[in-house]
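# A look at the structure
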Amino acid sequence: KIKRRADTAANERFYHSHLAILLAANGFMLEGESSSGLGNADIVILNENFTLVCEIKYTADISKAKTKVEEALMQIKEKQYYAKYTLGKNNRVILLGLVFAAGGKKVKCKLEEILF
């Protein structure tokens, strides 16, 4: 069980770093591991029109992808990774749960907008 957690964490870091590089190379303004006081969002994309708060998960079991994407969104909400972005001039905050499954063979995501 401990090895599985370590493997999952390593895979999440792998996808997190590659996604951050891809986004930055394409001109997106990012905050990586943005702290909320209750934890860290994996990636935050800052834009004039919106802020996107992303939590990345990994599972080796493709059948668990849907559950994991819901876990990612719940983590963002419970730990309030989005809270500091509701205070600025940008009043549109989008949450993204992103799951990579089985070595990248499947990607599952879900978006939610925070209304305030």
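Use the structure listed above.
Below, the structure is looked at part by part. As the structure is a prediction and not an experimental result, all values here were calculated from the model.

Next up on the list: the packing of aromatic side chains. This model, assessed by the stated rule, comprises 3 aromatic pairs. Geometrically, the ring pair formed by Phe-14 and Tyr-15 is edge-to-face, given 5.0 Å between the ring centres and 85 degrees between the ring planes. A residue is classified by how much of its surface remains accessible, and Tyr-15, at 12% relative accessible area, is buried. On the basis of an interplanar angle of 15 degrees and a centroid distance of 6.0 Å, the ring pair of Tyr-15 and Tyr-58 is categorised as stacked. Of the two residues, Tyr-15 sits in helix α1 (residues 2-25) while Tyr-58 sits in strand β3 (residues 51-59), which places them 43 residues apart along the sequence. Like Tyr-58, Tyr-15 is buried. Grouping aromatic residues by their ring pairs yields a cluster made of Phe-14, Tyr-15, Tyr-58 and Phe-100.

So, on to the pairing of strand β2 (residues 40-46). Burial within β2 is extensive, with 5 of its 7 residues counted as buried. In the sheet, β2 pairs with β3 via 4 bridges, with the strands oriented antiparallel. Each residue of the ladder has a partner; that of Val-44, found in β3, is Val-53. What sits between β2 and β3 in their antiparallel hairpin is a turn of 4 residues.

The next thing to look at is the side chain of Gln-75. Structurally, the position occupied by Gln-75 is in helix α2 (residues 65-78). A residue is classified by how much of its surface remains accessible, and Gln-75, at 19% relative accessible area, is buried. Non-local contacts of Gln-75, meaning those with residues more than four positions away in its chain, are made with Glu-55, Lys-57, Gln-80 and Tyr-81.

What counts and how
Residues numbered from 1 in each chain as written. Predicted model: local features only at pLDDT ≥ 70, side-chain atom pairs only at ≥ 80, totals over all residues. Heavy atoms only, no water. Phe/Tyr/Trp six-rings, centres within 6.5 Å; stacked < 30°, edge-to-face > 60°. Buried < 20%, exposed > 50% of the residue type's maximum accessible area, 1.4 Å probe, protein only. Helix = DSSP H or I, 4+ residues; strand = E, 2+ residues; numbered from the N terminus. Pairing = 2+ DSSP bridges. Contact = heavy atoms within 4.5 Å.

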